[in-house]
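Inside the fold
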Amino acid sequence: MEIRELRTFLTLAELLNYQKASEQLGYAPSTLSHHVRTLENELGVALFAKVGKQIQLTVEGAAFIEPARRLLLDYEAALDSVATAVHMEENVSIGGCELTVANGLVDLFSSFSAERRNVRLRLRTTANAQVPELIRDGSTDVGIWYSLGEERLPGLQAMPLFQEPVRLMVAPESPFAGRQHVHYEDLEGINLAFPHDDCPCVLGMLDEFNRRRIALGCINYLGVIPLVVEKLKNDQAAVAMPYSSTVRFEQVYGLKTVQLDEEDIWMTAHIVCRSYEALRPTARSLVRHSQLYSQQLIARDAAHYLPPQGDTRRSAR
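The text that follows walks through the structure, step by step, so that each part is easy to find. (Residues numbered from 1 in each chain as written. Predicted model: local features only at pLDDT ≥ 70, side-chain atom pairs only at ≥ 80, totals over all residues. Heavy atoms only, no water.)

1. Here's the deal with the overall build of the chain
- Counting its regular elements, the chain contains 11 helices and 12 strands.
- By residue count, 49% of the 317 residues in the chain fall in the buried class.
- In the chain, 78% of the contacts between residues at least 6 apart in sequence involve partners at least 24 apart.
- Of the roughly 14400 Å² that the chain leaves accessible, carbon and sulfur atoms contribute 50%.
- Of the charged side chains in the chain, 32 are positive and 40 negative; the average position of the first set lies 3 Å away from that of the second. (Helix = DSSP H or I, 4+ residues; strand = E, 2+ residues; numbered from the N terminus. Buried < 20%, exposed > 50% of the residue type's maximum accessible area, 1.4 Å probe, protein only. Contact = heavy atoms within 4.5 Å. Areas by Shrake-Rupley, 256 points an atom, 1.4 Å probe, with all protein chains shown as cover. Lys, Arg positive; Asp, Glu negative; His and termini not counted. Charge placed at Lys NZ, Arg CZ, Asp CG, Glu CD.)

2. Structural notes on the packing of aromatic side chains
- For the structure on display, the rule yields seven aromatic pairs.
- Here the aromatic rings of F9 and F64 are separated by 5.1 Å at their centres, their planes lie at 50 degrees, and the arrangement is tilted. Here the residue F9 occupies a position in helix α1 (residues 3-15), and F64 occupies one in helix α4 (residues 59-85), the gap between them amounting to 55 residues. We note that F9, like F64, is buried.
- An angle of 70 degrees between the planes, with centres 5.6 Å apart, marks the rings of Y243 and Y305 as edge-to-face. In this pair, Y243 sits in helix α10 (residues 243-253) while Y305 sits in the segment after α11 (281-300), placing the two residues 62 residues apart along the sequence.
- One aromatic cluster is present, formed by F9, F48 and F64 through successive ring pairs.
- The ring of Y276 carries R7 above its face, with NZ or CZ at 5.1 Å from the centroid. (Phe/Tyr/Trp six-rings, centres within 6.5 Å; stacked < 30°, edge-to-face > 60°. Lys NZ or Arg CZ within 6 Å of the ring centre and 35° of its normal.)

3. Considerations on a nonpolar patch on the surface
- A cluster of nonpolar side chains, M1, L43, V45 and L71, forms an exposed patch at the surface whose accessible area comes to about 290 Å².
- Following the sequence through the fold, M1 ends up in the segment before α1.
- M1 sits in the partly exposed class, given a relative accessible area of 42%. (Patch = residues over 30% accessible without salt bridge, like charges linked within 9 Å, V, L, I, M, F, W, Y side chains within 5 Å. Salt bridge = Lys/Arg side-chain N within 4 Å of Asp/Glu carboxyl O.)

4. Some details on the packing of α1 against helix α3 (residues 29-43)
- Packing of α1 against α3 leaves a shortest axis separation of 9 Å and a crossing angle of 105 degrees. On the basis of the axis angle, α1 is roughly perpendicular to α3. Only L32, H35, V36, T38, L39 and E42 of α3 make contact with α1, whose side of the interface consists of R4, E5, T8, F9 and L12. (Axes fitted to C-alpha atoms, helices over the stretch in contact; angles between N-to-C directions. Parallel < 35°, antiparallel > 145°, perpendicular 65-115°, else oblique.)

5. Details of the pattern of salt bridges
- Counted under the stated rule, the structure contains 10 salt bridges.
- Across the salt bridge formed by R179 and D186, the nearest N and O atoms sit 2.8 Å from each other.
- Here D186 falls in the partly exposed class, since its relative accessible area comes to 33%.
- D235 is the salt-bridge partner of K231, the closest N and O atoms lying 2.7 Å from each other. With K231 and D235 both in helix α9 (residues 225-235), this residue pair falls four residues apart, about one helical turn.

6. Topic: α9
- Along α9, the residues that are buried comprise I225, V228, V229 and L232. Buried residues along α9 cover an arc of 100 degrees about the axis, so they all sit on one side.
- Phi turns positive one or two residues past the end of α9, at Q236, with a value near 55 degrees. (Arc of directions from axis to C-beta.)

7. Topic: the pairing of strand β3 (residues 91-96)
- Most of β3 sits inside the fold, with five of its six residues counted as buried.
- In the sheet, β3 pairs with strand β4 (residues 120-125) via six bridges, with the strands oriented parallel. Its bridge partner lying in β4, I94 is registered against L123.
- The sheet contact formed by β3 and strand β5 (residues 142-147) spans three bridges and is parallel. (Pairing = 2+ DSSP bridges.)

8. Notes on the nonpolar core
- F162 and L168 are the most contacted members of the largest nonpolar core, which has 65 residues in total.
- Aside from chain neighbours lying at most four places away, what touches F162 is L105, Y146, M267, T268, A269, S294, L297, I298, Y305, L306 and P308.
- In terms of nonpolar packing, the next biggest core, distinct from the first, is built from 18 residues, L12, A13, L25 and L39 among them. (Core = buried A, V, L, I, M, F, W, Y, C linked by side-chain atoms within 4.5 Å.)

9. Focus: the state of the cysteines
- A full pass over the atoms with the stated rule returns zero disulfides.
- This cysteine, C201, is not joined by any disulfide, and C199 carries the nearest cysteine sulfur, 3.9 Å off. (Disulfide = S-S within 2.5 Å.)

10. What about unusual backbone geometry?
- Unusually for a residue other than glycine, L16 sits at a positive phi of about 50 degrees.
- Within the secondary structure, L16 is located in the loop between α1 and α2 (18-25).
- Looking at L16, the relative accessible area reads 30%, which means it is partly exposed.
- Here the phi dihedral of R213 falls at roughly 55 degrees; this positive angle occurs in a residue that is not glycine.
- Assignment of secondary structure puts R213 in the loop between α8 (200-211) and β9 (219-221).

Rendered as structure tokens:
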């Protein structure tokens, strides 16, 4: 049983589509079929069944998901433990939205660098939609990229880490600051401020307002977080962001978190690269560390972090 076969199985189990799995893993569909056949021969059971032009998990395949995840996680933990003991002195460039790489996932990068004191991390903040281009042009080793649904990145490997909900953040003086929940209808006419117009937080939230026919006030796209925070505090506007960023924004900027309505908007965080196998050792170690970190988040706070599978737009309740 080889690690690449486990990766193929888990990716196919999530996507149930050979072409999409091929794009994500960087293997030809025929290679993926070979991986599955080899694994099925070793296990002595069929993991997938073809129904028309689609594939679906067999009962045995569904039962094998968790054992396969544990095997892969143990393997990555073993590699990561060796990597922390090896003297590494490399630059690793990480691209991502300022909300996430410079705020929500600070603990991820801090824990990675704390165990590898000679590694130099270089964070490149950009709009979420521009992260794939940083990877494609070779200026960034890995990226943190968010999606609302089953978006694909041709030519890149996008390894899903976890799902997290969108939360609303307001200044302490806002009339919504003392409320744990707020209905969309309550936000009629509210001013909004965002760093960029292509963030999944923005797209998901505006889609909900449009679907419910709720008219908003001014919407500002200000490019950087400090200007967004200033707008919130001066004009009593609001901003939407992933849950992982809210704790830091409460601590650093004194903003307040409010949950939107009873139906959460869920986003999926991915770690992206051109080819996992072609990454330098330290960058590969960062990918493994990110996957382990995401498992810890899910285990520690299952109410706010979910495994990256299924429909990302669903209620946590």
